[in-house]
Amino acid sequence: MNMGALQPGRVAGWRTVMLCALAPLLTLRAAAEPAAGAAPFLGYSAGSSATEDGWEKRFRAAIVPATIRENMRRLSARPHHVGSPYDKDNAEWILAQFKAWGYDARIETFNVLFPTPKIRVLEMLEPTAFHAVLKESVVASDPTSGQTDEQLPTYNAYSADGNVTAPLVYVNFGSREDYVELDRLGISVKGAIVIARYGQSWRGIKPKVAAEHGAIGCIIYSDPGGDGYVKGDAYPSGGWRPADGVQRGSVMDTDYPGDPLTPGVGALPGAKRLALKDAKTLTKIPVLPISYADALPLLSALQGPVAPEAWRGALPITYHLGPGPAKVHLQVASNWDIKPIYDVIATLRGGVMPDQWVIRGNHHDAWVNGAEDPISGQAAMLEEARVMGELHHQGWVPARTIIYCAWDGEEPGLLGSVEWVETHLADLQRHAVAYINSDGNDRGYLSAGGTQDLQRFVSGVALEVQDPETNMSVFARSHLAAIAKAKDADERSDLRKRSDLVLEALGDGSDFTAFQDFAGISTLDLSFAGEEDGDQYHSIYDDFHWYTQFVDTDFVYGRALSETAGSAIMRLADADLIPVDYAPQAEAIARYESELEKLLKDKQDEFTERNLELQEGVFAATNDPRRPLLPPPAETIPPYINFAPMKNAIDLLTKSAARFSAALAGFTARGSPALPAKSLVLLNADLLQISRLFLNPHGLPERPWFKNQIYAPGAYTGYGAKPIAAVREYMDEKKWREAEGQVPQVSVAIEAAAAGIDRAAADFESALAGTL
Ligand SMILES: [Zn+2]
C-alpha cells in the first residue's frame, strides 16, 4: 500500500547549493570511504570495513535493471490477490528462485479471513434513476486489462454486509474535522448514506467516522482532483486515473492488523478463532468504492448548501452537500471465506553470528495485477537476493543470518507479515536485529522512514548509492530535496547542519507494522518516489503496460532500491557491532514530547479564543442568514498536564545515548584494531535487546495489540504515525486527565531504554579499555 510518497519541489541549481551547503555531507562521505584512509563504516573496524566495502561494491555493480523488469513481467502477468490461483503460483515461483540461488527456503501457510464480493449494487432511485456500473473498462492497448475472469471486482474488503436505502450526503474526505464542519452547517448524516472522496484520511477511517455519526452506508469515490485529469492526462494517453478507474482497498478497522479472527496469535490450524460477529475490525456499515464516472450523477443530483470551497473536487459541477434529494440504494454482501496465504521465507545462514537475524521483506499479493503495488518493490527485492546468492557462491558468507520474506495478504490487512510475526514472536524477539521493508517503488527521491536508532546507519548506506538521474548520491538528492521543501528558514537551517537523513516515524500501512509496533524490532521502510507520471493505485490499470510507460520505465529506480536495501542488509549482516546510534533516536523522542506540549498549548489557546469570541458575539455577527452557520460549541479549557516524568526520562535517554555515541566514536577513532570476539558477543547481546525496551506488554490503553510506547499509528489517522500514541490519542479525544495518566508508563519505557543503552555504553567503554 504505502501511499503518501514525498512530493518535494524540483531541486534547481543543485550544483551551486552543493558547493556552499554540503560541507557536512562531504565530511561524512569521506568518513564512509575506508579506501580513502578515513573512518570505517558504523559498527565496523577498519579492516572489516574495507572488506565489506569491497563486497558491497561488487553487489551494487551486479544489479541488473533488465532482471527487475523481467521479475515484474512474470509476477504481474495475471491478477494475484489472496486466494487466487496466480497468488499461489507466484509464491511457488518465488520459492523456486530462492532455492536456485542457494537459499534455504520454504513457504509458510496461514488460514485467514478474506472476504470477496458476492453482491454489489449501487443505484439512485430519486430524483432520477441511475444504476452504477461498478466496473473498470478494458483498454484495447493494455493487454492485461482484459483479464476479466480473474480480476477481483471493485470493492472494499471487510465492509459489513448490508442493504440500505437513504438520502445521500456529501462529506468531503469524511474525516472527523469534516463532521465538525457539517455540524456547524446544520447537516446531520443520521440515517443517511454518505459519499466521501478518497484522500487525506486513510480509507478505513471514512466508514468508521460515518458510522459514529449515525450514517447507515458509505460510498468512497476517486475525485479527478486527487489522482485524475487534474494531475495529468488520463490513462491510456497519460498515466493518471481514468473516469472509470476505481481504488479497491481494505477498510479493516485499526484496533489490530492481521487476520480479524486471530488477534495476537498466528492463524495456524488449531488457533482459537473468534466468531465473525465478534471480530472487532470489520466495519459497522456497508462500504463501496466507485469511480468518478459513477459518482458524477449522484453528486450532480445533490442539493442543499453549496459545499465549502475547500471541499470542492475537480468535477465540472457545483458541489452540494445534500441531504438529498438524491436517494440511493446500496447493497453489499461478501463471501466470508477462510483463505490460505503463502509467505515465502528464505534464509542465508550467517557464518559468525547465525543467531542474529537481519530480516528483509516486501509483499507479493496485489489487488489485481499490481505492477507498482507491490511488484515494483518485490521485483527489486528479488534481484537483491539473487545477487547476494551469487556473491555467496563467490565466497561471501554474511556474518549474521539474512532472512528474505515475500509476504502474502498485505493488501487486505498486513495478513502475511502479522501472522508470521505473531507466530514467531519469541524467536524474533530473541534473534532479530532489524527489519527492512519496501513496498511499491516509483521514481525520484529516496524516502526512508523507521526507528531512528538506524538513522545514522541508513544515511551512511545512502551515501554509497548513485541516483540514476543526477551525478549525486541518493543521500545528497534526498537531503537537498528536503531543503527545497522545508517550510521555513529555521527548518532549512536545521537541515543544513545535519549530516544524516531524518527518518520519519512509521505508523502502519505496510509490513513493517508488526515488527516495529508489536515486536519492538528496529525498522526501516525504503522507497523512491516523488516524480511519478501517473497513479493507478489498486486499479486494474496498475499493470506492466502502464508501469513501463509511465513510472520507472527503464527500472533504474528499481536498481536504486535494490542497491540501497541490499547494501543495508549486507552492512547490517556483516557489522562487527550492530550499527546503531541512539543519539538521533533520543533527539526524535524529545521532539515528539515537545510536540505534545505544543499540542496542549495550541488547544488551550484555540479554545480560550473561541470561548471569548462566543462571548463577544463574533459568530452571531458574522453569520450570513442566507448561508447560516451554527456557532461552534464552547469548549472546556484543557488543564495543564505534568510532562515532567517524561522529560526526566528523555533526559536520561539523551545522556545515555551521548555516552554510547562517545564510545562509538572511540571505536571508530581507533582505526584498525578490532575488539576481541568475546567483547563483541557481549556488546551485540546488549544492543540486540534495546529496541524491545520501548514495549509495554499491556499495549496502548485502547488498542492493546500495539505494544510500542513510542511508535504507533493513530486510531483516526490510519497509516500515519502518532508517536507516543498512549498520551497523544487521549489528547486528541480531549481526555486530558487520561492523557496525563499515561505519562508515567511511557516514561517507564523510556527509562528502561535509557538504562539499557547506558549498560551497553558501560560495556562498550570496558571493551575499549580492554577489560570486558
Ligand atoms: Zn503494497
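Everything below is about the structure printed above this text.
Structural notes, computed from the coordinates. Everything numeric here is computed off the predicted structure, so don't read it as measured data. (Residues numbered from 1 in each chain as written. Predicted model: local features only at pLDDT ≥ 70, side-chain atom pairs only at ≥ 80, totals over all residues. Heavy atoms only, no water.)

**Observations concerning helix 9 (residues 292-300)**
And step 1. For helix 9, the full list of buried residues reads Tyr292, Asp294, Ala295, Leu298 and Leu299. All buried residues of helix 9 lie within an arc of 145° about the axis, which places them on one face of the element.
And step 2. Put simply, Ser291 is the residue that caps the front of helix 9, since its side-chain oxygen is 3.4 Å from the backbone nitrogen of Ala293. (Buried < 20%, exposed > 50% of the residue type's maximum accessible area, 1.4 Å probe, protein only. Helix = DSSP H or I, 4+ residues; strand = E, 2+ residues; numbered from the N terminus. Arc of directions from axis to C-beta. Polar contact = N/O pair within 3.5 Å; in protein donor to acceptor, adjacent residues only side chain to side chain.)

**Notes on the pattern of salt bridges**
Two side chains bearing opposite charge may form a pair once their charged atoms approach each other closely.
And step 1. Enumeration according to the criterion identifies 46 salt bridges in this entry.
And step 2. In this structure, Glu136 and Arg248 form a salt bridge, with 2.9 Å as the shortest nitrogen-oxygen distance. Note that Glu136 is positioned in the loop between strand 2 (130-131) and strand 3 (156-157) and Arg248 in the loop between helix 8 (224-227) and strand 7 (249-250), a separation of 112 residues in sequence. Like Glu136, the residue Arg248 is buried in the burial classification.
And step 3. When the shortest N-O distance is used, the salt bridge between Glu635 and Lys734 registers 3.0 Å. Remark: Lys734 occurs in the loop between helix 24 (725-732) and helix 25 (736-769) and Glu635 occurs in the loop between helix 21 (618-622) and helix 22 (644-669); sequence separation between them is 99 residues.
And step 4. We classify Glu635 as buried; its relative accessible area is 17%. (Salt bridge = Lys/Arg side-chain N within 4 Å of Asp/Glu carboxyl O.)

**Some points on the pairing of strand 5 (residues 193-197)**
And step 1. Among the 5 residues in strand 5, 5 count as buried, and that is most of the element.
And step 2. As defined by bridge partners, strand 4 (residues 162-170) adjoins strand 5 across 3 bridges and the pair is classed as parallel. Bridge pairing links Tyr170 to Ile195 in strand 5.
And step 3. Two elements, strand 5 and strand 6 (residues 217-221), share 5 bridges in a ladder whose sense is parallel. (Pairing = 2+ DSSP bridges.)

**Considering the packing of helix 20 (residues 583-616) against helix 22**
And step 1. Between helix 20 and helix 22, the shortest axis-to-axis distance is 8 Å and the interhelical angle comes to 165°. Considering their axes alone, helix 20 and helix 22 lie roughly antiparallel with respect to each other. Where helix 20 crosses over helix 22, the two elements pack in a sense that is left-handed. In contact with Ala583, Ala586, Ile589, Ala590, Glu593, Leu596 and Glu597 of helix 20, helix 22 contributes Met646, Lys647, Ile650, Leu653, Thr654, Ala657 and Ser661.
And step 2. Here the contact of helix 20 with helix 22 is composed, by residue class, of 9 nonpolar, 2 polar and 3 charged. (Axes fitted to C-alpha atoms, helices over the stretch in contact; angles between N-to-C directions. Parallel < 35°, antiparallel > 145°, perpendicular 65-115°, else oblique. Left-handed = near helix turned anticlockwise from the far one by under 90°. Contact = heavy atoms within 4.5 Å. Nonpolar A, V, L, I, M, F, W, Y, C, P; charged D, E, K, R; others polar.)

**Here's the deal with helix 22**
And step 1. In this model, helix 22 (26 residues) spans 37 Å end to end at C-alpha, consistent with the 38 Å of a helix rising 1.5 Å per residue.
And step 2. Along helix 22, the positions that sit buried rather than exposed are Met646, Ala649, Ile650, Leu653, Ser656, Ala657, Phe660, Ser661, Ala663, Leu664, Phe667 and Thr668.
And step 3. Taken together, the buried residues of helix 22 touch helix 14 (455-462), helix 20, helix 23 (677-690), helix 24 and helix 25. (Expected span 1.5 Å × (residues − 1).)

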